[in-house]
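The residues making up each chain are set out below.
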Amino acid sequence: MEDPKRVEEGFGHNPLGHEDEKECNDKKMADKCDNEECFNNATDDRSVAKGELKGEEKEPPQKQKSKRVATLDAFRGLTIVLMIVVDHAGIAYPVLDHAPWDGCMLADFVMPFFLFIVGVAIALALKKVPKIKDAVSKITLRTLKLLFWGILLQGGYSHALADNIDLAYGVDMKFIRWCGILQRIALVYFVVALIETLTTKSRPLVIAPGHLSIFTAYRWQWIGGFIAFSIYMITIYSLYVPDWSFIDHREGKTYTVKCGMRGHLGPACNAVGYVDREILGINHLYKSPVWQHLKACTLSSPHSGPFREDAPGWCHANFEPEGLLSSISAILSGIIGIHYGHVLMHFKGHSQRLKQWLSIGFALLILAFLLHFTHAIPINKQLYTISYVCLTAGAAGVVFSGFYILIDVWGLRIPFLFLEWIGMNSMLIFVVGAQGILAAFINGWYYNHPDNTLVTWIKTHVFIDVWNSRNLGTLLYVIFAEITFYGILAGILHKLGIYWKL
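All of these numbers come straight from a predicted model, not from anything done at the bench.

K.L.:
Got a minute to help me understand the nonpolar core in this structure?
P.N.:
Generally speaking, a soluble globular protein has its nonpolar side chains buried in company with each other. Counting residues in each nonpolar core, the largest one holds 132 residues, and the members touching the most others are Ile185 and Phe430. Per element, the largest residue contribution to this core is 13 residues, and it comes from helix 5 (residues 110-125). Among all residues touching Ile185, those that are not within four sequence positions of it are Met111, Phe114, Leu115, Val118 and Leu146.

See below:
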């Protein structure tokens, strides 16, 4: 008999010959599985044990349900928590914020972790594709939903932020921001999911022996990743970037930036910014790029502050960290994530899965450090360089493996339940928490002055004043007030069976 605990976690086997019962249970669990990220090794296993292939009769497990993957939910929840911490406490501790240019800090891991998770989820959601046309329609609809929410939340329509409340809304279409976090996730999801769907007929029934067989079995996914890699590398190193000018509408002043070069990876003359300026228009790019924290731009570095009098013109320019060319490179993060999902599907033993995951994870980390410290390709989130892809994807693989060991190998699931709950309702917590919508709503009810609200009172009197430190108080408020609240909220919604899925 299969261990009931393993089935509960979604990693158990259903014996062959119970397809009808499995399909019935799958339908019952449909509402509970966000984006169909459920996993069951029943009839779709490609590497089934020899005894099962011979049709040996086995006693059915106690529970025949497709459950969510606890490790994936916990990892997604961790990523949401990281986003809230770096967004709301990064102003207090720069080490939590994005690196101003080259290098990598805590905030720089959030986006690629999301993309890695998207890749793993696609592999589980698209294990079976009965009708390719229907699957493509569903993928397209979900992509459009992500784009809509991304533009609504980060395009400039909402002016309310968790720590800088302006009770207003609306955006001038001449300055709307077209790109953002959800938009990049939408692009990566669309490309990776389409590749997975359109190559469904070429999927192997059985993985051949050998460490590299999983790579050759899903060669089309890696070919797609190589095409994205080639487009990015050729463009960023060969595209000619001419001089460019722009108007800083905040100052009403025109700046000119001298370039006339190729292959430059600095803030002023890189191909990533040039592509976005030419296609999207500089007025539609992110208006507070993190490069403004560089010493060349402000004396307050690494914090934000007023521009230096001798700051170069590009310090005043807009720049899109989730732009077009860098999003092509970001497809690789999704491709690596889907590889981890394929390993989860095909390999049954803990040791087999961990060997695959950790070997590629550490290999990517080593490659990233070699590229960066030999000055071949710097680690840079703003440009989404290949070394940055390797560093963050390798880190995601190692962290995912760590969660798998803790939750599924050692059975330490209870300490991570709050992360699971947040991960199950990640879209909701992203909107109300990471984007500050709930805090902005509460701040809409103020007394005497817009700064005199429940949120600001708790933050000031319970945390900042008690610890006599604005920075430490801000960090503790984010951890023990915001994250704790959202964890409890997600847990209540989970118990009620309420999930927001696109």
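Okay, back to it.
K.L.:
Before we go on, may I ask you to explain the state of the cysteines in this structure?
P.N.:
Working definition of a disulfide: a covalent bond connecting the sulfur atoms of two cysteines. If you walk through the whole model with that rule in mind, you get two disulfides. Sulfur-sulfur distance for the disulfide between Cys259 and Cys269 comes to 2.1 Å. Because the torsion about its S-S bond is -85 degrees, the bridge between Cys259 and Cys269 counts as left-handed. Taken together, the positions of Cys259 in the loop between strand 5 (253-257) and strand 6 (261-262) and Cys269 in the loop between strand 6 and helix 10 (271-279) put the pair ten residues apart, joining distant regions of the chain. When its relative accessible area of 12% is taken as the criterion, Cys259 is described as buried. Covalent S-S linkage joins Cys297 and Cys315, the inter-sulfur distance amounting to 2.0 Å. For the disulfide bridge between Cys297 and Cys315, the dihedral angle about the S-S bond is near -80 degrees, and by the sign convention the bridge is left-handed. On the criterion of sequence distance, the pair formed by Cys297 in the loop between helix 10 and helix 11 (324-346) and Cys315 in the loop between helix 10 and helix 11 is long-range, its members being 18 residues apart.

K.L.:
Sorry if this is basic, but what is going on with the pairing of strand 4 (residues 244-248) here?
P.N.:
For a regular strand, side-chain orientation follows a simple rule: the groups alternate between the two sheet faces. By the alternation rule, side chains of strand 4 split into Trp244, Phe246 and Asp248, which are all buried, and Ser245 and Ile247, of which none is buried. Taken together, strand 4 and the strand that follows it, strand 5, pair antiparallel across an intervening segment of four residues, in which Gly252 is found at a positive phi of about 70 degrees.

Rules of the game
- Throughout this description, residue numbers start from 1 for each chain and increase along the sequence as written.
- Confidence filtering applies because this is a predicted model: local features only for residues at pLDDT of at least 70, side-chain atom pairs given and counted only at 80 or more, and all residues used for totals across whole chains, interfaces and linings.
- Hydrogens and water molecules were not included; the side-chain quantities draw on all heavy atoms of the structure.
- For the purposes of this section, nonpolar cores are sets of buried Ala, Val, Leu, Ile, Met, Phe, Trp, Tyr and Cys residues that join through side-chain atoms within 4.5 Å.
- For every residue, the accessible area (1.4 Å probe, protein chains only) is compared with the maximum for its type, and the residue is labelled buried under 20%, exposed over 50%, or partly exposed between those bounds.
- Helix and strand assignments come from DSSP, with helices taken as H or I runs of at least 4 residues and strands as E runs of at least 2, each series counted from the N terminus.
- Every residue pair with non-hydrogen atoms within 4.5 Å of one another is taken to be in contact.
- By disulfide we mean two sulfur atoms from cysteines, separated by a distance within 2.5 Å.
- In this scheme, strands are said to pair when DSSP sees at least two bridges between them.

On their own, these measurements won't tell you what the molecule is for.
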